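# Coordinates in review
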Amino acid sequence: MKKQTSVWLLLLAAAMMTAGCETGTPGSKGPNGQAAQNQQQGSTPAQANGSGGSVHTPGQQATPNGNNAPSPAGNGGGQASADTNVAKVHMDNITALRLINGHSGWIGGNGWIARTDADTSGSAGSAWNVQYQGQGTVQQIFALNGQQAWAVMADSGSLLATRDGGKRWDTIGTVPEQGRAGFLHFVSSKEGFSGNQYTKDGGQSWSALPVPGHTVGQPYYHDRQHGWAVMQNTDRSFQILHTVNGGQKWTTVMSRTTEAPVNGVVIRSVERGNAWIVLIGGTGMNQTSYSLWHTADSGKSWRAVLANATAGGGPAPGISQQNNQVPKNEGTAPGMLYAINSNTALMGGYCAPCDKPNTIGWTNDGGKTWNNGKQSFDGYGGQQIGMANASEGWAIFSDSEKAPVMYTTSDGGQHWTQTHVFDKPAASGS
């Protein structure tokens, strides 16, 4: 229990820092903080606002095409080329995941980024090419397509970018501190967002977009005009606000009283007028309460998708403890949120005291019904979920004492198959 409690505290801190709910997104208190952030998904501009996002491989450095892994950048440029040999990278903790399609994608960790593409058998994740080595831990990866991608480094906020599929990664700028916990996503090769920070030159420079006062967690701009935010009031009520004019005016689209304050928020918007919002409540006894809400009509109507009240965390925000009509996700704390479209979203669950702490549930009808997966997975060190579409996806679970494991699904999360085991964590002091 001591080990589990320590891990939980680390996960809680990571959750508050980060990308999905990626809940995997900012402010969340599950294993990713990003319904913890990495986490967005989607490989085309139409999918660019998915969640999740925003995980690892074995120590082998061979790429699917036989190339050796790249070398770290020198002192002068923060660049890495995929043509140079590098020291062996231990992929023992995967902190970011982003799919390009069902068979290709990037993962990142402490000082490295790697890519995989389908091998001759068509399997995903069986071989990884380390494309970048440098300082810092990768917090998020976002891919606009198979050639253009960006990566945010934790703490420093340094932004790396590639335009050639990862053969070369360059440090192109820095995400301002106000936006580092936001969900990084680009809608074109030039225009991108992270929290309330906006770039129109591919990430080289950033400017702040307007946000309302007393917001909880990070706001989310779907595009330059349309955004979402959550405001906590002193009377223990909260409001969800929406803008359609770039933040010049914010309109309250939902207001509710809550038996416990909202302590964190994860927002994903995959289509204009569509939003999935996780509200994080209290935490206690390795338990965190939360609720998941969805709108498909710019906030005119809302559906309570999940209500996870717990004995230690208290009631789910915005939902009475006596309300037993809203479905409950597995686990005692939120995992990563990954929104695919207006109908489909996946969300992990996390249970610190459990032998297999990770689970994944989903909805295919906009939250009218919720499906709890029948599988559970090892890993007390973090959860990454990424989807290429409504059917194909990956999940990676890390652990401080065991090797990270990658699973894939081809039926929208109903079944997950183990496809790869990464490096086992190095012994303490080695």
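See the structure printed just above.
The residue numbers shown here count from 1 along each chain, following its written sequence. Whole-chain, interface and lining totals are the exception, using all residues; otherwise, since this is a predicted model, local features are given only for residues with pLDDT of at least 70 and side-chain atom pairs are given and counted only at 80 or more. Derived side-chain values reflect all non-hydrogen atoms in the structure, with water molecules and hydrogen atoms excluded from consideration.

### Section: unusual backbone geometry
Unlike most non-glycine residues, His 214 shows phi in positive territory, near 60°. Among the secondary structure elements, His 214 is positioned in the loop between strand S11 (207-208) and strand S12 (220-221). Residue burial is assigned from relative accessible area. The probe radius is 1.4 Å, only protein chains are included, and a residue is buried under 20% of its type maximum, exposed over 50%, and partly exposed in between. Given the relative accessible area of 65%, His 214 is considered exposed. Its identity is not glycine, yet Arg 236 carries a phi of approximately 65°, on the positive side. When you line up the elements, Arg 236 lands in the loop between strand S13 (227-232) and strand S14 (237-243). Only DSSP runs of H or I with at least four residues qualify as helices, and only runs of E with at least two residues qualify as strands; both kinds are numbered from the N terminus onward.

### Here's the deal with the nonpolar core
Core analysis: the biggest nonpolar cluster contains 21 residues, and Ile 240, Val 265, Ile 277, Leu 279 and Trp 302 have the highest contact counts within it. Mapped onto this core, the elements with two or more residues apiece are S13, S14, strand S15 (251-257), strand S16 (264-268) and strand S17 (275-284). Of the residues forming this core, the biggest block, three residues, is contributed by S17. Working rule for contacts: check all heavy atoms of both residues, and any pair within 4.5 Å makes them a contact. Excluding residues that lie within four positions of it along the chain, Ile 277 makes contacts with Val 230, Ile 240, Val 265, Val 266, Ile 267, Ser 291, Leu 292, Trp 293 and Trp 302. Nonpolar cores are built from buried Ala, Val, Leu, Ile, Met, Phe, Trp, Tyr and Cys residues. Side-chain atoms within 4.5 Å join them into one set. In terms of nonpolar packing, the next biggest core, distinct from the first, is built from 16 residues, Leu 99, Ile 107, Ala 388 and Trp 394 among them.

### Focus: the pattern of salt bridges
Two side chains carrying opposite charge are able to pair once their charged atoms lie near each other. A pair is scored as a salt bridge if a Lys or Arg side-chain nitrogen falls within 4 Å of a carboxyl oxygen belonging to Asp or Glu. In this structure the tally under the stated criterion is four salt bridges. Between Arg 115 and Asp 117 there is a salt bridge, with its nearest N and O atoms 3.1 Å apart. Using a relative accessible area of 13% as the deciding quantity, one classes Arg 115 as buried. Taking relative accessible area as the criterion, Asp 117 reaches 24% and is therefore assigned partly exposed. Residue Asp 223 pairs with Arg 272 through a salt bridge whose shortest N-O separation is 3.1 Å. Within this pair, whereas Asp 223 is found in the loop between S12 and S13, its partner Arg 272 is found in the loop between S16 and S17, the two being separated by 49 residues in sequence.

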